[in-house]
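This is what each chain is made of:
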Amino acid sequence: MHVLVVEDEKKTANFIAKGLKEQGFVVDVVNNGDEGYHLATTEPFDAIILDIMLPGRDGLSIVRNLRERHNHVPVILLTARSELNERVEGLNLGADDYLTKPFYIEELTARLHSLIRRSAGESSNLLRAGDLRVDLVTREIKRGDREITLSPREFSLLEYLMRSPGRVLTRTQICEHVWNYHFDPDTNVVGVYIQRLRAKIDADEEVKLIETVRGVGYRIKEPKS
Amino acid sequence: MSLFRSFRLRIAALTAVVAGIVFGLFSIVAYSSIHNELEKSVDTRIMVEARSAFGTGLMIGWSRMTRPRGRDEGARPEREVSPASDRQTGESTPDFPRSDRRDTIADEGEDDSDQAREDSQVFVGCMFEITDTGRNEIYRTKNWPVGLPALASKYGQGKSMEPTEINDLLRGLRSRPPGGAPLGPQREPRRSASGEEDTTGEEANFDAPPAPDSVTTPNREARGERRPGAGDRPGTGRGRGRWRGGMVLTKEPHFHYQTAGGERWRVGVFATDRHEVIVAASLSSFTENVHKLRSAFAIAVPSAVILIAFGAWLVSGQAIRPIRRIADTAEKVTASGLSQRIAEPGTGDELHRLTVVLNRMLDRLEDGFKQATRFSADASHELKTPLTIMQGELEAALREAPASSPQQRVYVSQLEEVTRLKRIVSSLLLLSRADAGQLNLTRERIDVSSNFAAICEDAEILADAANITLKSDIEPGLTIMGDRALLQQVFQNLISNAVKYNKPTGSIICRLSRDDSAGNAVFDFENTGDSIPEEDKEKIFRRFHRADAARGRDIDGFGLGLNLALEIARAHSGTLVLMKSDAESTHFRLSIPLAESL
């Protein structure tokens, strides 16, 4: 999948590009708005990640112009401010999502995935890890033939883990994504939920999918393909 | 005393006091001068009576000389032995001269009118007591009060006479010229016209009709008769020339008060060379007037003071109305930000100036405040860029490092610190917005019951881990219009505080209920644990305050949580208060208006 990153702050652009590439995205990075707009109109991207404050054309006007030209490529706005009107204006202009800096790259990729899935249709609504299947639309979970029922919070924890199979997610990252950041990072809500999840998913199974990376966090073992 | 916290009441009271003093002094002065006037009028009356009784002579030797008026020269004394009506004493009537007519004329006034006055009213109001210088005989108007004057009492009762008799007696007296010497033999017994003789020795002093050499004329007229007309005037230019009839006072008359017979009397003492005439006027009507006056003052002064105080109250109400407006605006400034301005009255007076000055001050305050909040907004904004980079790079490094390697742990802990920093920055940004009154809420309808239940569920996990039991009691179906993320932050903050500051094996109660009277959703958070010290109860809502500094970083957080929670509650028109904190439990209550009550 081809993603355009328009971000004037080079270091930020770099770690975004790096993180996305690791997830298998093809990434183009430009550092100013005019160039970004030019590329966005000339090449077909699967998604655009757009900083709002840019030299040249700013992010909001790029979105507006793209939508005026009936270009409906999914756009995620990045903003350093969380000013309400900026967010609202961005979404009104046709942006699909926004992220406030600073953000975790995992959060960005998770959102990117869900955006692309939405725009691409149903095909990618299914997440798999080994014999575990998660249908994001029907919210059905199956381990082999066994149906599993999860609470909403357990579901979103599992979904988050399965978005990045094989990658370690720290408790802080999980906390921010699933619990919307506000518990203190060193509380063990995450640990407790992981245990619950394990009890439902890995109990009595030979292959334990949810793995603890000692001192770091948790991950889903990559499905053997 | 709290009554006098009101400026208006103080002004009214002060005015009343001042008015009371002024009126009090005024009434004392007025009272005393009126009293004096009344007293003088009594004296004047006595004087008038005395003058008509004594004739012109009263004036001679006392205050002024007679006017050189030809026709007044010399009275025609008529002597008649007074028929002392009182015979109880058995004394012979002293030879009080009697005159059946009043032939000494007061300087002013017509003879006729004088006489008329004498006829009609002499002695009506006054009582007379007449005694000779030796005080051998005393004649008194009847009903003369016992013991008046005190001096006379040693002579017994004296003789009581009808006013007309007294009148006659006086008439006789004044027809005798003053001074013994020129009058001839003093001790010559007089023979009265009524045929009574004066044989007593005491008569000496009264004797006398002196037959002033030139002036003596026999009594030509019967007693009681009046001789009108000037034709009967005494001859002029004869005899001593200076005596024109009447009694001559040898001392200045003196007046004093005396009480007798249950009444107050004004007593005038007139002394001639031979007699002492005491005129007493009852003060009963005078006293009555004074009483009336006094009660008039007693009514008028307090009611004037009350009226004035009321007026002052009204006027000061008018006067402080602009001040009240200023106070109202200042209240609004406190409540809703520095953009409020006081309407200038445009009168150009002191209050106008005060308003202008206050507004200018508010301008400057607002400027400074805006600058400060803009600064903290800008600063936290600027901090976000490096944070974004740090976090992103750390994240990348974390992924690249070998699983569970020491590097990875370092990255994790750094990432946690970055996260902490990130939260501080965003909290500061929120607070600076709240300070600037720009904490914009993305309001939506929230089912707080289920929202709160979910958070309590999470909290139960937190609590379990700390060996704390958490009970929740949530009334279902409550909705509020609010910012989901911010409210969640408040709930989480309060619950995690309840866990953090709890004791081992303690408990927490989370309650959501509906307060119908105020239309609020009420969230209660009660936990066991150490109580908050009294002196800290105010401070805990301040920024960067920790309930117990000594705990240090054992307990995580950065001291903005409660302050932020308070600001968020306020932005939702709600409140956050510490209900109590004692050894038993610490209880916070958050109230947010329900959606239906908005």
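The coordinates are above.
Described in the following lines is the structure provided in the data block.

Reading the values: the criteria
Residues numbered from 1 in each chain as written. Chains lettered and ligands numbered in written order. Predicted model: local features only at pLDDT ≥ 70, side-chain atom pairs only at ≥ 80, totals over all residues. Heavy atoms only, no water. Helix = DSSP H or I, 4+ residues; strand = E, 2+ residues; numbered from the N terminus. Contact = heavy atoms within 4.5 Å. Areas by Shrake-Rupley, 256 points an atom, 1.4 Å probe, with all protein chains shown as cover. Buried < 20%, exposed > 50% of the residue type's maximum accessible area, 1.4 Å probe, protein only. Core = buried A, V, L, I, M, F, W, Y, C linked by side-chain atoms within 4.5 Å. Salt bridge = Lys/Arg side-chain N within 4 Å of Asp/Glu carboxyl O. Axes fitted to C-alpha atoms, helices over the stretch in contact; angles between N-to-C directions. Parallel < 35°, antiparallel > 145°, perpendicular 65-115°, else oblique. Nonpolar A, V, L, I, M, F, W, Y, C, P; charged D, E, K, R; others polar. Pairing = 2+ DSSP bridges. Buried area = accessible area lost by both parts, 1.4 Å probe. Polar contact = N/O pair within 3.5 Å; in protein donor to acceptor, adjacent residues only side chain to side chain. Right-handed = clockwise from strand over helix to strand, strands pointing away.

Things to note about the overall build of chain A
(1) Moving on: Of regular secondary structure, chain A possesses eight helices and 12 strands.
(2) Moving on: Counting only contacts in chain A whose residues sit at least 6 apart along the sequence, the fraction spanning at least 24 positions is 58%.
(3) Moving on: If you sum the accessible surface of chain A, you get close to 9,900 Å²; carbon and sulfur atoms cover 45% of it.

Overview of the environment of Ala565 of chain B
Residues and elements named next belong to chain B.
(1) Moving on: With respect to the secondary-structure elements, Ala565 resides in helix α10 (residues 561–571).
(2) Moving on: On the accessibility criterion, Ala565 (2% relative accessible area) is buried.
(3) Moving on: For Ala565 and Gln489, which are 76 residues apart along the polypeptide, the C-alpha to C-alpha distance reads 7.6 Å.
(4) Moving on: Excluding residues that lie within four positions of it along the chain, Ala565 makes contacts with Val490, Asn493 and Leu576.

Describing the nonpolar core
(1) Moving on: Of all hydrophobic cores here, the largest spans 78 residues; its most connected members are Leu158 and Ile174 of chain A together with Phe523, Leu576 and Leu590 of chain B.
(2) Moving on: If sequence neighbours within four positions are ignored, Ile174 of chain A has contacts with Leu157, Tyr160, Leu161, Leu169, Trp179, Val190 and Tyr218 of chain A.
(3) Moving on: Listed in part, the 31 residues of the second largest apolar core include Ile46, Met47, Phe270 and Val279 of chain B.

Some remarks on unusual backbone geometry
All names here are of chain A.
(1) Moving on: Note the cis peptide between Lys101 and Pro102, where omega equals -10°.
(2) Moving on: Along the polypeptide, Pro102 turns up in the loop between β5 (97–100) and α5 (105–120).
(3) Moving on: Its identity as a non-glycine residue notwithstanding, Arg139 has a phi of 60°, on the positive side.
(4) Moving on: Along the chain, Arg139 turns up in the loop between β7 (132–135) and β8 (141–143).
(5) Moving on: At Asp204, a position not held by glycine, the phi torsion is positive, near 65°.
(6) Moving on: Summarising the element assignment, Asp204 is placed in the loop between α8 (189–201) and β11 (210–213).
(7) Moving on: Of the residues examined, Asp204 reaches a relative accessible area of 80% and is grouped as exposed.

A short note on the pattern of salt bridges
Residues and elements named next belong to chain B.
(1) Moving on: Scanning all chains against the criterion turns up 32 salt bridges over all chains.
(2) Moving on: Salt-bridge contacts for Arg484 lead to Glu444; the nearest nitrogen and oxygen are separated by 3.4 Å. Highlighted residues: Arg484 in helix α9 (residues 484–500) and Glu444 in strand β7 (residues 443–447), separated in sequence by 40 residues.
(3) Moving on: Residue Glu475 pairs with Arg514 through a salt bridge whose shortest N-O separation is 3.6 Å.

Considerations on the packing of helix α6 (residues 152–163) of chain A against α8 of chain A
Helix packing for two helices is described by the angle between their axes and how far apart those axes are.
Residues and elements named next belong to chain A.
(1) Moving on: The contact between α6 and α8 brings their axes to 10 Å, and the two run at 85°. It follows from the interaxial angle that α6 and α8 lie roughly perpendicular. Between α6 and α8, the residues in contact are Arg153, Glu154, Leu157, Leu158 and Leu161 and Tyr193, Ile194, Arg196, Leu197, Lys200 and Ile201, respectively.
(2) Moving on: Taken together, the residues of the contact of α6 with α8 break down into seven nonpolar, no polar and four charged.

Some points on the sheet that holds strand β8 (residues 469–474) of chain B
All names here are of chain B.
(1) Moving on: Overall, mixed pairing links the five strands, which are arranged β8-β10-β11-β13-β12 in an open sheet. Each edge of the open sheet carries a strand with a single partner, namely β8 and β12 (575–581). Strand-to-strand, the axes of this sheet are offset by a mean angle of 15°, without reference to chain direction.

Comments concerning the interface of chain B and chain A
(1) Moving on: Facing 42 residues of chain B, the contacting portion of chain A comprises 47 residues.
(2) Moving on: Buried surface at the junction of chain B and chain A, both sides included, amounts to about 4,100 Å², of which 55% is carbon and sulfur.
(3) Moving on: Linking chain B with chain A are four salt bridges, by the criterion used here.
(4) Moving on: Of the charged contacts in the structure, one is a salt bridge between Arg399 of chain B and Glu22 of chain A, with a shortest N-O distance of 2.3 Å.
(5) Moving on: Here chain B and chain A share 10 residue pairs in polar contact (both at pLDDT 80 or more) between them.
(6) Moving on: Elements supplying a minimum of two residues to the side of chain B that touches chain A: α6 (350–400), α7 (406–435), α8 (448–465) and α9 of chain B.
(7) Moving on: Here the element with the most residues in the side of chain B that touches chain A is α6 of chain B; it accounts for 14 residues.
(8) Moving on: When the residues that make up the side of chain B that touches chain A are grouped by side-chain class, the tally is 14 nonpolar, 14 polar and 14 charged.

Digging into the pairing of strand β1 (residues 2–6) of chain A
Residue and element names in this part refer to chain A.
(1) Moving on: Across the five residues that make up β1, a large majority, five, are buried.
(2) Moving on: Neither face of β1 is exposed, since His2, Leu4 and Val6 on one face and Val3 and Val5 on the opposite face are all buried.
(3) Moving on: Each parallel crossover has a hand, and the one from β1 via helix α1 (residues 10–22) to strand β2 (residues 26–30) is right-handed.
(4) Moving on: Both β1 and strand β3 (residues 47–51) contribute to a ladder of four bridges, which runs parallel. The residue bridging Val5 from the neighbouring strand is Ile49, located in β3.

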